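Structural overview
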Amino acid sequence: GGGAGGGGGEPRKRAAAGGGSSKKAREEADALDLVTAKLEHHVAIGDDLERQLSKASKTLAKLPQKRAAAEAASDAGLVDQCDAYSRELTAERDRLQGQLKVTSGKIAKYTGRYEALTNKKRPPAAAKADK
């Protein structure tokens, strides 16, 4: 007869309150640090791109006026300059918009990961209840 077999029915002792000493908790904390850093990085890039985009758009908006003035003054050279600058700025604006779209996607991705990681940090009781 069977007797003492499987005396390990007791749950393993949980790591100290913060869970700081368990490998999994440490990995999650590292993952959270990494995701937070990535998120901050891409948000900063996004802010920078938006500034550049706003600047390009403002300059682009002023160009027709400058071009009209050049035309009125019959300054063909200046008209050509305005046209060239306008093409350059339009290309720059399109490029920035494309980059901003990619960056926004990354921000959304890392925001999702950040939320997933922070939502995991629920009290153990709640975690047990939904298994």
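Residues numbered from 1 in each chain as written. Predicted model: local features only at pLDDT ≥ 70, side-chain atom pairs only at ≥ 80, totals over all residues. Heavy atoms only, no water.

1. As for the overall build of the protein
Within the protein one finds 3 helices and 0 strands. Its helices and strands in sequence order give the protein the pattern α-α-α, from N to C terminus. Here the analysis covers contacts within the protein between residues at least 6 apart in sequence; of these, 76% occur between residues at least 24 apart. (Helix = DSSP H or I, 4+ residues; strand = E, 2+ residues; numbered from the N terminus. Contact = heavy atoms within 4.5 Å.)

2. Observations regarding unusual backbone geometry
With phi around 50 degrees, Ser74 is a residue other than glycine that occupies positive phi space. Relative to the assigned elements, Ser74 resides in the loop between helix 1 (23–72) and helix 2 (76–120). Here Ser74 falls in the exposed class, since its relative accessible area comes to 64%. (Buried < 20%, exposed > 50% of the residue type's maximum accessible area, 1.4 Å probe, protein only.)

3. Notes on the packing of helix 1 against helix 2
In contact at an axis separation of 7 Å, helix 1 and helix 2 are set at 160 degrees when each is read in the N-to-C sense. Between helix 1 and helix 2, the crossing angle belongs to the class labelled roughly antiparallel. Crossing angle aside, the handedness with which helix 1 passes helix 2 is left-handed. A per-class count over the contact of helix 1 with helix 2 returns 23 nonpolar, 13 polar and 12 charged. (Axes fitted to C-alpha atoms, helices over the stretch in contact; angles between N-to-C directions. Parallel < 35°, antiparallel > 145°, perpendicular 65-115°, else oblique. Left-handed = near helix turned anticlockwise from the far one by under 90°. Nonpolar A, V, L, I, M, F, W, Y, C, P; charged D, E, K, R; others polar.)

4. Thoughts on helix 2
Owing to its 3.6 residues per turn, the α-helix brings residues three or four apart onto one side. Between its first and last C-alpha, helix 2 extends 66 Å over 45 residues, near the 66 Å set by a 1.5 Å rise per residue. Here helix 2 has its buried residues at Val79, Cys82, Leu89, Leu96, Leu100, Thr103, Tyr110 and Leu117. Elements that come into contact with the buried residues of helix 2 comprise helix 1. (Expected span 1.5 Å × (residues − 1).)

5. Quick look at the confidence of the model for the protein
Chain-level statistics for the protein give a pLDDT mean of 84 and a share of 76% at 70 or above. Here residues 6–17 scores under 50 on pLDDT; set against residues more than four positions off or in separate chains, the count is 5 contacts. (pLDDT = per-residue confidence, 0-100.)

6. Brief notes about the environment of Ser104
Within the element layout of this structure, Ser104 appears in helix 2. Separated by 58 residues in sequence, Ser104 and Gly46 place their C-alpha atoms 7.1 Å apart.

7. Quick look at the pattern of salt bridges
This structure, assessed with the given rule, holds 6 salt bridges. The partner of Glu71 in a salt bridge is Arg67, with the nearest N and O atoms 2.8 Å apart. Taken as a pair, Glu71 and Arg67 lie in helix 1 at a separation of 4 residues, close to a single helical turn. With a closest N to O distance of 2.5 Å, Arg67 and Asp83 form a salt bridge. Taken together, the residues span a long stretch of sequence, with Arg67 in helix 1 and Asp83 in helix 2 at a distance of 16 residues. For Arg67, a relative accessible area of 26% corresponds to the partly exposed category. By relative accessible area, Asp83 is classed as partly exposed at 24%. Where salt bridges share partners, they join Arg67, Glu71 and Asp83 into one cluster. (Salt bridge = Lys/Arg side-chain N within 4 Å of Asp/Glu carboxyl O.)

8. A closer look at a positive patch on the surface
A cluster of like positive charges, contributed by Lys38, Lys106, Lys109 and Arg113, occupies part of the molecular surface. Its location among the elements puts Arg113 in helix 2. In this structure Arg113 comes out as partly exposed when scored by relative accessible area, which is 42%. (Patch = residues over 30% accessible without salt bridge, like charges linked within 9 Å, V, L, I, M, F, W, Y side chains within 5 Å. Areas by Shrake-Rupley, 256 points an atom, 1.4 Å probe, with all protein chains shown as cover. Lys, Arg positive; Asp, Glu negative; His and termini not counted. Charge placed at Lys NZ, Arg CZ, Asp CG, Glu CD.)

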